[in-house]
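# Fold and geometry: a report
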Amino acid sequence: MSKPKVLVNRDDIPTAGLDLLRTKCKLTILPGSNSTREEILRAIPGHDGFYFFGHVNVNTDFLDIAGPSLKVISTISAGFDHLDVPEIKRRGIKVGHTPIVLNAAVAEIAVMLLLNAARRAHESRSLLERGKVEAKPQWLLGQDIRGSTVGIVGLGMIGLAIANRLVPFEVGRFLYTGHAPKKSADEIGAEFVSLDDLLELSDFVIVATPLTIETHGLFDDAAFDKMKKTAVFINIGRGAVVKTDALLRALKEKKIFAAGLDVVDPEPLPKDHELLTLPNLEIVPHIGSATIKTRRDMAIVAAQNITNALEGKPLVYPL
Ligand code: DGY
């Protein structure tokens, strides 16, 4: 029997994932790492599976062009805002993602951004490089984590992993908001509050929520106006949860103390974007899950999602 055919959108995916797929599937790997949507759409008809890294928008058009052979879609990411999941499932196509294996790596980036933003790492380095160091007792003062109130918007597994990593810093109080209180919050003694209360009370506001219709643009001018002037804002969720112009104003006008971003809207942020000129912004280009082990694990789990689906077994992480 011939092996099922799987389209891979790029050739730079960790080999452990590709090797696993090759044991059971025939792969069409698009060369390089910059295949356009058109190239993917030209290649997809006749394939049983689509295995990909990056935010390829799998919507009705994509599925129409892919045609009836497509049985499984596997994104090498935890987030799935680029997939029209209801439509994919309506067509009887299996769809999987790669949560959990990246929780620790993303939580580490969140803590890194929080520490750097609170202690003005980027600004310090820049002043040092420009020979502007001043030995004054009130120079480059930052915000303390010890005794602070940390508010988490979206206490899912990543939110919880971040909170657990902050416990040893002697946080005074954890708050969280979301749809409903969660049992897992007891682990860190976090209190469920409204978004408004969280914004008003928190010294650190951490966004760890996925992008949905409800969270799109949640952080606007009004949200930043409610936050403390000393607050540090962190986003490791999705860029579009925040209105970028509102964040820019909040940082420029010192409505808040600082921000730390792994994600931003748009991505990548243009290199001449005004945000990149601000001393009170720590920013990295969406590298939350970018560790060698994590990306390898993600590639493997996504490959297992494909092989399981094609063998009629449950996906490891179905959507
Ligand atoms: C994900 O997997 O969704 C993270 O944002 C890393 O890309």
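Residues numbered from 1 in each chain as written. Predicted model: local features only at pLDDT ≥ 70, side-chain atom pairs only at ≥ 80, totals over all residues. Heavy atoms only, no water.

Applying the stated criterion to the full structure yields 22 salt bridges. In this structure, the salt-bridge partner of E311 is K24, at a minimum N-O distance of 3.1 Å. Of this pair, E311 sits in the segment after α11 (292-310) while K24 sits in helix α1 (residues 15-24); the two residues are 287 residues apart in sequence, bridging distant segments of the chain. Note on K24: relative accessible area 38%, which makes it partly exposed. Several salt bridges converge on common partners, so that one network encompasses D64, E87, R90 and R91. (Salt bridge = Lys/Arg side-chain N within 4 Å of Asp/Glu carboxyl O. Helix = DSSP H or I, 4+ residues; strand = E, 2+ residues; numbered from the N terminus. Buried < 20%, exposed > 50% of the residue type's maximum accessible area, 1.4 Å probe, protein only.)

Counting residues in each nonpolar core, the largest one holds 53 residues, and the members touching the most others are Y51, I162, L166 and I236. M227, L248, L251 and L261 belong to the second-largest nonpolar core, a separate cluster that totals 28 residues. (Core = buried A, V, L, I, M, F, W, Y, C linked by side-chain atoms within 4.5 Å.)

What follows deals with empty space enclosed by the protein. The final tally for this structure, using the stated rule, is one cavity of 30 Å³ or more. By volume, the largest cavity amounts to about 30 Å³. For the lining of the largest cavity, the per-class residue count stands at five nonpolar, three polar and one charged. (1 Å grid on protein atoms, 1.4 Å probe; cavity = no way out; pocket = protein on both sides within 12 Å on 5 of 7 lines; lining within 4 Å. Points joined across faces, edges and corners; volume = space filled by probe spheres on them. Nonpolar A, V, L, I, M, F, W, Y, C, P; charged D, E, K, R; others polar.)

On the basis of which strands lie adjacent, the open sheet formed by seven strands has the order β8-β7-β6-β9-β10-β11-β12 and parallel pairing. Two strands in the sheet have a free side with no partner beyond their single neighbour: β8 (191-192) and β12 (281-283). Where strand β6 (residues 149-153) lies against strand β9 (residues 204-207), four bridges are found, and the strand directions are parallel. Note that in β9 the partner of V153 across the bridge is V207. Across the sheet, helix α7 (residues 157-166) is in contact with β6, β7 (173-177) and β9; its angle to β6 comes to roughly 165°. Relative to the sheet, helix α10 (residues 244-252) contacts β10 (232-235), β11 (258-261) and β12, its axis offset from that of β11 by approximately 140°. (Pairing = 2+ DSSP bridges. Contact = heavy atoms within 4.5 Å. Axes fitted to C-alpha atoms, helices over the stretch in contact; angles between N-to-C directions.)

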